Number of protein chains: 2
Amino acid sequence: MKRYGIIMAGGSGTRFWPLSRKRLPKQFLNLTGRDRLVNETMDRLIPVIRKEDMFVVTNAAYAELTLATAAGRLQPDHILAEPAARNTAACIGYAATEILQKYGDGVMGIFASDHYIRDEAGFRGVLERAVREAERTDALVTIGIKPRFPATGYGYIRRKDKDSSAVEEFVEKPDLETAQAYLESGAYLWNSGMFVWKASVIMEQFRRLLPDIYDCLQEIGQAMGTAQEKETIMRVYPQIPKISVDYGIMERAENVIVLEGDFGWNDVGSLDALETLYAPDGNGNILHGEALALDTKNCIGYAGGKLVALAGVENLIVVETEDVVLVCDRSRAQDVKKIVDMLETEGKEHYL
Amino acid sequence: MKRYGIIMAGGSGTRFWPLSRKRLPKQFLNLTGRDRLVNETMDRLIPVIRKEDMFVVTNAAYAELTLATAAGRLQPDHILAEPAARNTAACIGYAATEILQKYGDGVMGIFASDHYIRDEAGFRGVLERAVREAERTDALVTIGIKPRFPATGYGYIRRKDKDSSAVEEFVEKPDLETAQAYLESGAYLWNSGMFVWKASVIMEQFRRLLPDIYDCLQEIGQAMGTAQEKETIMRVYPQIPKISVDYGIMERAENVIVLEGDFGWNDVGSLDALETLYAPDGNGNILHGEALALDTKNCIGYAGGKLVALAGVENLIVVETEDVVLVCDRSRAQDVKKIVDMLETEGKEHYL
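What counts and what doesn't
Residues numbered from 1 in each chain as written. Chains lettered and ligands numbered in written order. Predicted model: local features only at pLDDT ≥ 70, side-chain atom pairs only at ≥ 80, totals over all residues. Heavy atoms only, no water. Helix = DSSP H or I, 4+ residues; strand = E, 2+ residues; numbered from the N terminus. Rg over C-alpha atoms; globule rule 2.2 N^0.38 Å. Buried < 20%, exposed > 50% of the residue type's maximum accessible area, 1.4 Å probe, protein only. Polar contact = N/O pair within 3.5 Å; in protein donor to acceptor, adjacent residues only side chain to side chain. 1 Å grid on protein atoms, 1.4 Å probe; cavity = no way out; pocket = protein on both sides within 12 Å on 5 of 7 lines; lining within 4 Å. Points joined across faces, edges and corners; volume = space filled by probe spheres on them. Nonpolar A, V, L, I, M, F, W, Y, C, P; charged D, E, K, R; others polar. Least-squares fit on C-alpha atoms with pLDDT ≥ 70 in both. Contact = heavy atoms within 4.5 Å. Pairing = 2+ DSSP bridges.

K.L.:
I tried to follow the overall build of chain A on my own but got confused; where do I start?
P.N.:
The helix and strand tally for chain A stands at 11 helices and 17 strands. Against the compact-globule benchmark of 20 Å for 352 residues, chain A has a radius of gyration of 21 Å, which places it among compact chains. For chain A, the spread of C-alpha atoms along the principal axes amounts to about 65 × 50 × 40 Å. Looking at the 352 residues of chain A, the share that counts as buried comes to 57%.

Now the structure itself:
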C-alpha cells in the first residue's frame, strides 16, 4: 500500500521568539546545527516513507520559503498552500483530499514540522509499526510518548492500562499535581500530535464527525485537477471551521489506538527546550556561538552574532539575534509570549 | 593670576566594558545624552577657568580622537600627548612644565576626564574657592567629596576633624566596616582626584619629593620650544617613574588642604554607576534605548542598537553594544574586569 508523509508547517508561533520570527517561524530554524527542523522532520521519515511521497502543508505566505528550504526534497506541487490558517483538522483534511484525488488511497503519517527527536532510528521503528497497524486494521493510530517527567506543557493520552494500545481518552494539559499522578499511573502518554491512518479512513471520519468540514473538502476535491482548483481553494478553505483534529476527531472516534514511543521527543515549545538540543557544560550552562560565562550556572547563552558574556548570573536564558536581545529567567520561558504581546501592543511589529 | 584647566584623559580602562573599548575609552563616551564625558568635564569648568586655558593630557594614541571629540574647544597645541602612560605624577608634571615654559605660572586645576558631576554650579562654587585658596596660600588644594554611603570603591581623605580643611592623611579603599566607620566619623571625605595648585608650587614639590621625576621634567622643559622638543619627550617621558600624585606627593607634602564638596560626584567607575546617570522607573529599572521590561526589578537595560527585552529577572545589568552583549549581576559589576581578562587570555582582543 502507498505511504505518504504529511508535514504540517503552517505554524507562525512566537513562543520561540526571538529565534523564531513571523518571517521565519520555528520550523525554518536550524537549531541542531545539522539542518532546519522541517528538513530534519522529512529526512528522518526515510525510508519508512519515500522522499518522493512527502507533502508539506503550510500557509501560502511560507510556500516559497518552504520550497527554498527543502532544497530538492520537495516537488513544488507537493507543497499544499493554505490560504488561511484553519487549524489541524482542515490541514489534514486538505492533505487527505489531495491524496485521494491525485495520488490514490494509502497510509498517511502526519507530523509537526518543528519538533525534535533524538533517537531517529527508534522513532522509525515505532513509525513502521504504526504504518503497518494502519494498513492492517483501518485504525486511527497515534504515537504517544512515554513521559519522562510530569510535564504540564503537553496534553496526555490515557490508555486502558499500561502496555495497552487501546485509547480511553485524550486529556488536556494538566497541572503539576495531576501530571505527577499521570506519570505514576503508567497509563498515560504524552500526546505528540503524530497520527497515522489511511486517507480513506480519515475522510470517512470527517464525513461522520465533522460534516461541515467534509462538505468543504468535497467541494475542494471536486475542483482538483480542474481550472477552478486554485480559485476554489482560495474561496472555500478560509470558510472551513477552525478545529483541531484532536478535538474534532481523535476524542470522538472509536477506532483509535496509540503506540508508545520513547525516542527523545521534544516539541521545542519554548526556549528552555534548548536544553534538550545541546549538552550543558559542568556548570549546567549551554553556550551556543560566541558566548562565555564567568561564575555562571544553569544558563542558556545563545549568541547569534555578537559576543554574549555572562557574569555572576544563574538560571537565565539569554538569546541574541540580528536585532533582539532577550534576557529571561529560565522558569519564565513561557512569558516570551507576553513580550511578544507587548511589542504588538506598542506597534513594534518589526521585532516579531 | 592665570588659571589653567588640566584634563587627564589618558585612561584606557576596561571597567566600563563593553561600553568603553580600547579604541574608545570611557572619557569619549556620551553617557548622559548631552555630550561626551571629556567635553562635559571641560565645559563645566567655565567660567572659573577660561575655555582658551584648557589642556588635555592624553596618550598619543588618543590625541587625534581627543581633538576630534573636543570639536573646537581645544587648540591642537593644548593637547599634551604622552608617548607612554606613566601614571598621574608624570602627567601632572608634564602639564606643569608646559605651563611654566610656555604660558607662565598660574593656578592649575587638575581633573579626571571621565567623571560625572550632577550639580555643576555647586561644583564651580567649590572650585572657585579652591582656586582662590591656591592663589592666596601656595597650598596644595584638593577637593574631597562628602560621603553619601559607605563606599568601598574610593580612597578617603581624613581631615583633622569635621569642617576642618587640614588634611591628616590619605587612606586606601576601605572594607565595608571601615567605610561605615569613616562615614559615621564625619572627618572623612572621598578622594575625588581633583587638585588645584600653582604650577610653580607643584614643581617645587616634584623637586623635593620626586627628584627623579623632577630631573626628567627639567630635561623636557629645557627642550620645550626648541627643535628637539618632540624627540626629547619621546625619549625621556617613557623613563619617568610610574607613581601616582597621591602617593608621590599628596601623602607626603605638608601644605595640603582639602575643601569639601557635595555636588553629586561619581567616578563612573563601573557599569552600576549608570544608576547615577539615569533615573530609575517605578520598578527600579533603568532602561536606555530600545529596552523593555516585563515583571523585572532593579535592572539596568542598556540597548545600543537592538531591542533589549527583559522578562522575569532582577538585579541585572544588561548592556548591548555593536558587537557585545554583557549580562551580569548588579553586585558583580566589578567582575567585568575578569571578563576582559578572559577575552585577553583567549586571544579575543578584538572585543576589548
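K.L.:
What is the right way to look at the environment of A:Glu128 in this model?
P.N.:
Residue and element names in this part refer to chain A. Examined against the element boundaries, Glu128 turns out to sit in helix 4 (residues 120-137). Expressed as a C-alpha distance, the spacing of Glu128 and Thr58, which sit 70 residues apart in the sequence, is 25 Å. In terms of polar contacts, Glu128 uses its side chain to reach the side chain of Arg132, at 2.7 Å.

K.L.:
I would appreciate a short explanation of empty space enclosed by the protein in the present structure.
P.N.:
Where empty space is left in the structure can be found by rolling a water-sized probe over the atoms. One pass over the full model with this rule turns up 2 cavities of 30 Å³ or more. Counted as a void, the largest cavity has a volume near 70 Å³. The wall of the largest cavity is formed by A:Thr41, A:Arg44, A:Leu45, A:Phe111, A:Ala112, A:His115, A:Ile117, A:Phe123, A:Ser192, A:Met194 and A:Trp265. For the lining of the largest cavity, the secondary-structure elements that each account for two or more residues are strand 4 (107-112) and strand 9 (188-198) of chain A. Split by residue class, the lining of the largest cavity holds 7 nonpolar, 3 polar and 1 charged. Here the second largest cavity is characterised by a volume of approximately 60 Å³. What lines the second largest cavity is B:Thr41, B:Arg44, B:Leu45, B:Phe111, B:Ala112, B:His115, B:Ile117, B:Phe123, B:Met194 and B:Trp265. Considered class by class, the residues forming the lining of the second largest cavity number 7 nonpolar, 2 polar and 1 charged.

K.L.:
Explain the relation of the copies chain A and chain B to me, please; I cannot follow it from the model alone.
P.N.:
Turning one copy of the chain about an axis and sliding it along that axis gives the other copy, so a rotation and a shift relate them. In the superposition of chain A on chain B (RMSD 0.0 Å, axial shift 0.1 Å), the rotation amounts to 180°. Look at the turn and shift together and you get a two-fold axis relating the two. When the interface residues of chain A are mapped onto chain B, 100% of them are again interface residues, pointing to one common binding face.

K.L.:
Could you clarify how one ought to interpret the pairing of strand 14 (residues 300-303) of chain B in this entry?
P.N.:
If a strand is regular, its side chains alternate between the two faces of the sheet. All names here are of chain B. Alternating positions in strand 14 separate into two faces, Ile300 and Tyr302 on one and Gly301 and Ala303 on the other, with burial throughout. Examined bridge by bridge, strand 12 (residues 286-288) and strand 14 share 3 bridges and lie parallel to one another. Bridge pairing in strand 14 links His288 to Tyr302. Across 4 bridges, strand 14 lies against strand 16 (residues 316-320) in parallel orientation. For Tyr302, the partnering residue across the bridge sits in strand 16 and is Val319.

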